[in-house]
Amino acid sequence: MANDTQGAAKEGLAKMVGEAYSTVALVLQGGGALGAYQAGVYQALAEADLRPRWLAGISIGALNAAIIAGNPIGHRVEKLREFWETICKPPYFPATPAFDSSGWPLALQNGFSSLAAWRALLEGQAGFFVPRMPPPFLPFRRASGPGEVSWYDTGPLRSTLERLVDFDRINDARSMRVSVGAVNVRTGNFAYFDNTHGKLRVEHFMASGALPPGFPAVEIDGEYYWDGGMVSNTPLYKVLSDRPCHDALIFQVDLWRAIGELPRDLAGVAERSKEIQYSSRTRLITEYMRLNQENQRLLHDLMALVPPEKYDDPAFRRAQAQASGALTNLIHLIYRDKPYEGHYKDYEFSLTSMRSHWDSGLADMRHTLAHPHWLERPTPEQPFVTHDVHRS
């Protein structure tokens, strides 16, 4: 009986969302090893049979997007698990088994986490990156081009993506739209690569996560690109500014929080500076787009009062191009730091931390979906609403 009730509730939620919104988007911020949180969020969405039709990602968010969009619906969580289980192991020496350290002293938890981060720096991560040999700081080491100027070689990541991702499926924009961001190294301009405007290849996803100086620039059609997080680590603006506008339910999954504590040592300064830089002013963008959409809705409603004989007036046509009756519901989830984590949390790839991050995302999204009224369609009087699981 319980399973029947849960199944009916899931079906009812998916039906409500399908009827209320023409666009369901999943927006994934960059954050390295913290990206397992996003995988947990997606698992909860899959359990509820909520299927995003648009994935927008930066850096690790772009890699998660590739795994999701590049696999059949019933295999996406399985492939996400395989991806994370692969890249959270050292490439050469045995991995430390996952274990429950919740009852351990905080200093000991921090020590194991710090050790895992140092292993990532020294050894790399299986299926992701390995140190360049000979190291790039040696005087006789000369790179053959921009694609080799880095501390690590990301060739293993290419092999992992090619093994786990069906790029023909990714490029079927009729079933799912995919957008990933990167920055042009030569011009400094930010660029979005989108499967509705061209074919996406493995290079587009690798470029989105090519954070220097650790990872090399990636060549795409004669230009070199770095991690999009250098300019904007959150692809929310891309989704909110899309034209034409549609009624949209957007799940925004951030890995860095803008609000934090004052640092009391240099390690705290390093951590806090990362949080500020990579949170990418998410709340500022959200507030700006909320005001913008409210004004567009007001213009839309005012235009309904214009008599038909004025429809050919140039001013009416200009206003028509700016107006929008679209309604937006933004569900915002932000990863919450664990007490033992330090400034290295984005490159701490231990299996223990990965599974903890994953479980956190799963729990946060399940908590969100336990409040189905949060997913209801906004009203014309309030065309842009937000729900933050950590504030509610």
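Before reading on, note that the structure itself is shown above.
Residues numbered from 1 in each chain as written. Predicted model: local features only at pLDDT ≥ 70, side-chain atom pairs only at ≥ 80, totals over all residues. Heavy atoms only, no water.

Asker: Got a minute to help me understand the packing of helix α3 (residues 60-69) against helix α4 (residues 76-87) in this structure?
Answerer: How two helices pack is summed up by the angle between their axes together with the distance between the axes. Interhelical geometry of α3 versus α4 gives an angle of 135 degrees and a closest axis separation of 9 Å. Considering their axes alone, α3 and α4 lie oblique with respect to each other. Of the two elements, α3 crosses α4, and the hand of that crossing is right-handed. For the pair α3 and α4, the contacting residues are I60, L63, N64, I67 and I68 in the first and R76, K79, L80, F83 and W84 in the second. Class assignment for the residues of the contact of α3 with α4 results in seven nonpolar, one polar and two charged. (Axes fitted to C-alpha atoms, helices over the stretch in contact; angles between N-to-C directions. Helix = DSSP H or I, 4+ residues; strand = E, 2+ residues; numbered from the N terminus. Parallel < 35°, antiparallel > 145°, perpendicular 65-115°, else oblique. Left-handed = near helix turned anticlockwise from the far one by under 90°. Contact = heavy atoms within 4.5 Å. Nonpolar A, V, L, I, M, F, W, Y, C, P; charged D, E, K, R; others polar.)

Asker: Explain the pairing of strand β6 (residues 190-194) here, please?
Answerer: Working note: regular strand, side chains alternate between the two faces of the sheet. Bridge count between strand β5 (residues 177-184) and β6: five bridges; the pairing is antiparallel. Bridge pairing in β6 links V183 to F190. Following β5, the chain reverses through five residues before pairing antiparallel with β6; G188 in that reversal takes a positive phi of roughly 80 degrees. (Pairing = 2+ DSSP bridges.)

Asker: Quick question: what am I supposed to make of the packing of helix α2 (residues 36-47) against helix α13 (residues 351-369) here?
Answerer: Remark: α2 packs on α13, axes separated minimally by 6 Å, with the N-to-C direction vectors making an angle of 40 degrees. Accordingly, the angle class assigned to the pair α2 and α13 is oblique. Where α2 crosses over α13, the handedness of that crossing is right-handed. Between α2 and α13, the residues in contact are A36, Y37, A39, G40, V41, Q43, A44, L45 and E47 and M354, H357, W358, S360, G361, L362, D364, M365, R366 and L369, respectively. Looking at the contact of α2 with α13 residue by residue, the classes come out as 11 nonpolar, five polar and three charged.

Asker: Can you help me understand the pattern of salt bridges in this one?
Answerer: Close approach of charged atoms allows side chains with opposite charge to pair. Counted under the stated rule, the structure contains 27 salt bridges. A salt bridge links K274 to D346; the nearest nitrogen and oxygen atoms lie 2.7 Å apart. You can see K274 sitting in helix α10 (residues 266-279) and its partner D346 sitting in the loop between β10 (328-334) and α13, a full 72 residues away along the chain. The buried category is assigned to K274, whose relative accessible area is 17%. Of the charged contacts in the structure, one is a salt bridge between R317 and D312, with a shortest N-O distance of 3.0 Å. For D312, a relative accessible area of 60% translates into the label exposed. Here the salt bridges share partners, and the residues they tie into one network are R257, E271, R272, E275, D337 and K345. (Salt bridge = Lys/Arg side-chain N within 4 Å of Asp/Glu carboxyl O. Buried < 20%, exposed > 50% of the residue type's maximum accessible area, 1.4 Å probe, protein only.)

Asker: How should I be thinking about the packing of aromatic side chains in this particular structure?
Answerer: Centre distance and the angle of the planes are the two values used to describe a pair of aromatic rings. Tallying each qualifying case throughout the model produces 14 aromatic pairs. On the basis of an interplanar angle of 75 degrees and a centroid distance of 4.9 Å, the ring pair of F190 and Y192 is categorised as edge-to-face. Both rings, one in F193 and one in Y225, keep their centres 5.2 Å apart while their planes meet at 80 degrees; by these two values the pair is edge-to-face. With F193 in strand β6 and Y225 in strand β8 (residues 223-227), this residue pair connects regions lying 32 residues apart in the sequence. For F193, a relative accessible area of 13% gives the class buried. (Phe/Tyr/Trp six-rings, centres within 6.5 Å; stacked < 30°, edge-to-face > 60°.)

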